[in-house]
Amino acid sequence: MERINMSKPKVIVICGPTASGKTALSIELAKKINGEIVSADSMQIYKKMDIGTAKTTKEEMQGIKHYMQDFVEPNLRYSVADYKKDAEMAIEEILKKGKTPIVVGGTGLYVDSLVYGIEYQDIKLDEKYREELEERVQKEGLEKLYEEATQIDSEAMKKISHNDKKRIMRVLEIYKATGKNKTEQEIESRKSGVKYDYKVYAINMDREVLYDRINKRVDFMIDEGLIEEVKKILNEYKEFPTAMQGLGYKEVVEYLDGKISKEDMIEKIKQETRRYAKRQITWFKKNKQTIWIGPHDLQKILDTL
């Protein structure tokens with residue numbers, strides 16, 4: 001029987017789809033176990049983007065310290081390699097205080113980089129190649145690039161949808177820059193081992209209930225001033241901010257550009273968010289060590305720690 005390595009510090013992970021109740025559950029858990037929270041959300045890292053990312057408010061935090069939120073300018077690129085380095089620094093800081101780190105979020109790549117110890121190479125963006133790919137999307141269609149990416153890395157493409165332009169292009173960019181595909185790099189990087197004893201929980205619920213929560217959240221974001229938030233960011237930055245390509249933001253930009261109506265914009269954000277939630281559930285289901293829970297299963301977490 002394999003001996004469990006008790007010397008590794010314990011780190012709890014609460015992941016799952018958007019709008020599933022991760023924030024509320026993690027704060028209740030932190031209060032119970034003297035924990036602090038490390039965000040694993042690729043949009044909440046950005047400054048000034050509060051409404052559209054459902055960033056945790058001071059009131060919601062209830063005095064629990066949060067790391068990895070609200071620290072990157074919207075026009076800057078922030079890689080998974082950057083995240084892993086910064087998140088592990090935050091985890092170390094929490095452990096030094098004698099507290100329990102709780103990693104919370106729905107960005108699968110962020111979670112996997114920690115849980116599996118994946119060292120993503122920080123590949124610098126080749127602007128010229130990115131422009132070439134953008135031109136090819138316009139001329140040949142995204143499906144053509146999807147097929148090419150599948151030939152390069154069929155394993156990675158199983159988790160990428162046919163209309164996910166950003167991630168399709170990233171597979172091609174990684175291969176061009178390194179001569180190795182993303183899956184090969186992940187396998188190699190996992191050999192270095194994992195620093196912590198991760199206990200991974202994922203929230204799931206009835207799909208219709210989740211979709212209803214998503215729809216209501218989008219309506220709330222619009223009421224809270226999402227359109228004004230986007231206008232302010234676009235006015236502040238001369239070049240188009242990287243983060244504006246994020247879900248909920250790119251649709252508002254389309255509306256402000258006069259390409260779609262306000263009603264269509266709202267419906268599109270809801271639809272794309274529901275699709276994203278579905279992809280998140282699929283992503284986290286492949287993690288065999290995950291314990292699935294409901295949004296109010298605090299006791300289940302406490303019983304299994």
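This text follows the structure it describes.
For clarity, every value in this text was computed on a predicted model and none was experimentally measured. Per chain, residue numbering runs from 1 following the sequence as it is written. It should be noted that, the model being predicted, local features are given only for residues of pLDDT at least 70 and side-chain atom pairs only at 80 or more, the latter also being counted only at that level, while totals for whole chains, interfaces and linings use all residues. By convention in this description, side-chain values take in all heavy atoms of the structure and omit both hydrogens and water.

Colleague: Looking at this structure, how should I read the sheet that holds strand 5 (residues 197-203)?
Modeller: Sheets are built from strands that pair by backbone hydrogen bonding, the pairs being arranged parallel or antiparallel. A pair of strands is labelled paired if DSSP reports no fewer than 2 bridges between them. Labels follow the DSSP assignment, with helices taken as runs of H or I lasting at least four residues and strands as runs of E lasting at least two, numbered in each case from the N terminus. If you trace the six strands from one edge of the open sheet to the other, you get 3-2-4-1-5-6, paired in parallel fashion. Both outer strands of the open sheet, strand 3 (66-67) and strand 6 (291-293), are each paired with one neighbouring strand and no more. Where strand 2 (residues 35-39) and strand 4 (residues 100-104) come together, five bridges link them in parallel fashion. Along strand 4, the bridge assignment pairs Ile37 with Ile102. Every residue pair with non-hydrogen atoms within 4.5 Å of one another is taken to be in contact. Axis lines are fitted through C-alpha atoms, for helices just across the contact stretch, and the angle between N-to-C directions can take any value from 0 to 180 degrees. Across the sheet, helix 3 (residues 80-96) lies against strand 1 (10-15), strand 2, strand 3, strand 4 and strand 5, angled at about 175° from strand 2, the strand it touches most.

Colleague: Explain helix 13 (residues 262-285) here, please?
Modeller: In an α-helix there are 3.6 residues to a turn, and that puts residues three or four apart on one side. Under the convention used throughout, the expected extent of a helix is 1.5 Å for every residue step, that is, one less than its residue count. Taking 1.5 Å per residue, 24 residues should reach 34 Å; helix 13 reaches 35 Å between its end C-alpha atoms and fits that length. Burial classes follow relative accessibility: with a 1.4 Å probe on protein chains only, a residue under 20% of its type's maximum area counts as buried, one over 50% as exposed, and anything between as partly exposed. Within the sequence span of helix 13, burial applies to Met265, Ile266, Ile269, Lys270, Glu272, Thr273, Ala277, Gln280, Ile281, Trp283 and Phe284.

Colleague: Where do I start with the nonpolar core in this structure?
Modeller: Soluble globular proteins tend to bury their nonpolar side chains together. By nonpolar core is meant a set of buried Ala, Val, Leu, Ile, Met, Phe, Trp, Tyr and Cys residues that side-chain atoms within 4.5 Å join together. Core analysis: the biggest nonpolar cluster contains 50 residues, and Val38, Tyr83, Val103 and Tyr198 have the highest contact counts within it. Broken down by secondary-structure element, the contributors of at least two residues to this core are strand 1, helix 3, helix 4 (108-115), strand 5, helix 10 (207-224), helix 11 (226-236), helix 12 (249-256) and helix 13. If one sorts the elements of this core by residue count, helix 3 sits on top with six residues. Those residues in contact with Val38 that lie beyond four places of it in its chain are Tyr67, Met68, Tyr83, Ala87, Ala90, Ile91, Ile94, Ile102, Val103 and Val104. Of all hydrophobic cores here, the second largest spans 22 residues; its members include Ala30, Ile102, Val104 and Tyr201.

Colleague: I'm lost on the packing of aromatic side chains in this one. Help?
Modeller: Given two aromatic rings, their pairing is described by the distance between the two centres and the angle made by the two planes. Here a Phe, Tyr or Trp ring, Trp counted by its six-membered ring, pairs with any other such ring whose centre lies within 6.5 Å, and the pair is stacked when the planes are under 30 degrees apart, edge-to-face when over 60, and tilted otherwise. Counting across every chain of the model gives three aromatic pairs. Geometrically, the ring pair formed by Phe71 and Tyr78 is edge-to-face, given 5.6 Å between the ring centres and 90° between the ring planes. Between the aromatic rings of Tyr196 and Tyr198, the centroid separation amounts to 5.9 Å while the plane-to-plane angle is 90°, which identifies the pairing as edge-to-face. Here Tyr196 and Tyr198 have matching classes, each one buried.

Colleague: Mind showing me how you'd approach the packing of helix 5 (residues 127-140) against helix 6 (residues 142-152) here?
Modeller: In a packed pair of helices, the relevant descriptors are the angle between the two axes and the axis-to-axis distance. Remark: helix 5 packs on helix 6, axes separated minimally by 7 Å, with the N-to-C direction vectors making an angle of 120°. Taken as axis vectors, helix 5 and helix 6 run oblique relative to one another. Touching Leu133, Arg136, Val137 and Glu140 of helix 5 are Leu142, Lys144, Leu145 and Glu148, all from helix 6. Just so you know the grouping, Ala, Val, Leu, Ile, Met, Phe, Trp, Tyr, Cys and Pro go in nonpolar, Asp, Glu, Lys and Arg go in charged, and all remaining residues, Gly too, go in polar. In terms of residue class, the contact of helix 5 with helix 6 is built from four nonpolar, no polar and four charged. For classification purposes, an angle smaller than 35 degrees is called roughly parallel, one larger than 145 roughly antiparallel, one from 65 to 115 roughly perpendicular, and anything else oblique.

Colleague: What is the right way to look at the pattern of salt bridges in this model?
Modeller: When charged atoms on two side chains of opposite charge get close, those side chains can pair. The working definition used for a salt bridge is a side-chain nitrogen of Lys or Arg within 4 Å of a carboxyl oxygen of Asp or Glu. For the coordinates displayed, the defined rule picks out 25 salt bridges. A salt bridge links Glu155 to Lys158; its shortest N-O distance comes to 3.1 Å. According to the relative accessible area criterion, Glu155 is partly exposed, its value standing at 38%. With a relative accessible area of 64%, Lys158 lands in the exposed category. Salt bridges here are not isolated pairs; linked through shared partners, they connect Lys47, Lys48, Glu73 and Glu236.

Colleague: Would you explain the environment of Met49 in this entry?
Modeller: Topologically, Met49 is positioned in the loop between strand 2 and helix 2 (58-61). A relative accessible area of 0% means that Met49 is categorised as buried. Spatially, the C-alpha atom of Met49 lies 8.2 Å from that of Ile233, the residues being 184 residues apart in sequence. Beyond its immediate stretch of four places on either side in the chain, Met49 contacts Met43, Lys55, Pro74, Glu229, Ile233, Ala243, Met244 and Tyr249.

Colleague: It is not clear to me how unusual backbone geometry should be interpreted in this structure. Could you clarify?
Modeller: A negative phi holds for most residues other than glycine; trans holds for most peptide bonds. For Lys48, which is not glycine, the phi dihedral falls at a positive 70°. Examined against the element boundaries, Lys48 turns out to sit in the loop between strand 2 and helix 2. The backbone of Ala54 sits at a positive phi, close to 55°, despite the residue not being glycine. With respect to the helices and strands, the residue Ala54 is situated in the loop between strand 2 and helix 2. Residue classification places Ala54 among the partly exposed residues on the basis of a relative accessible area of 24%.

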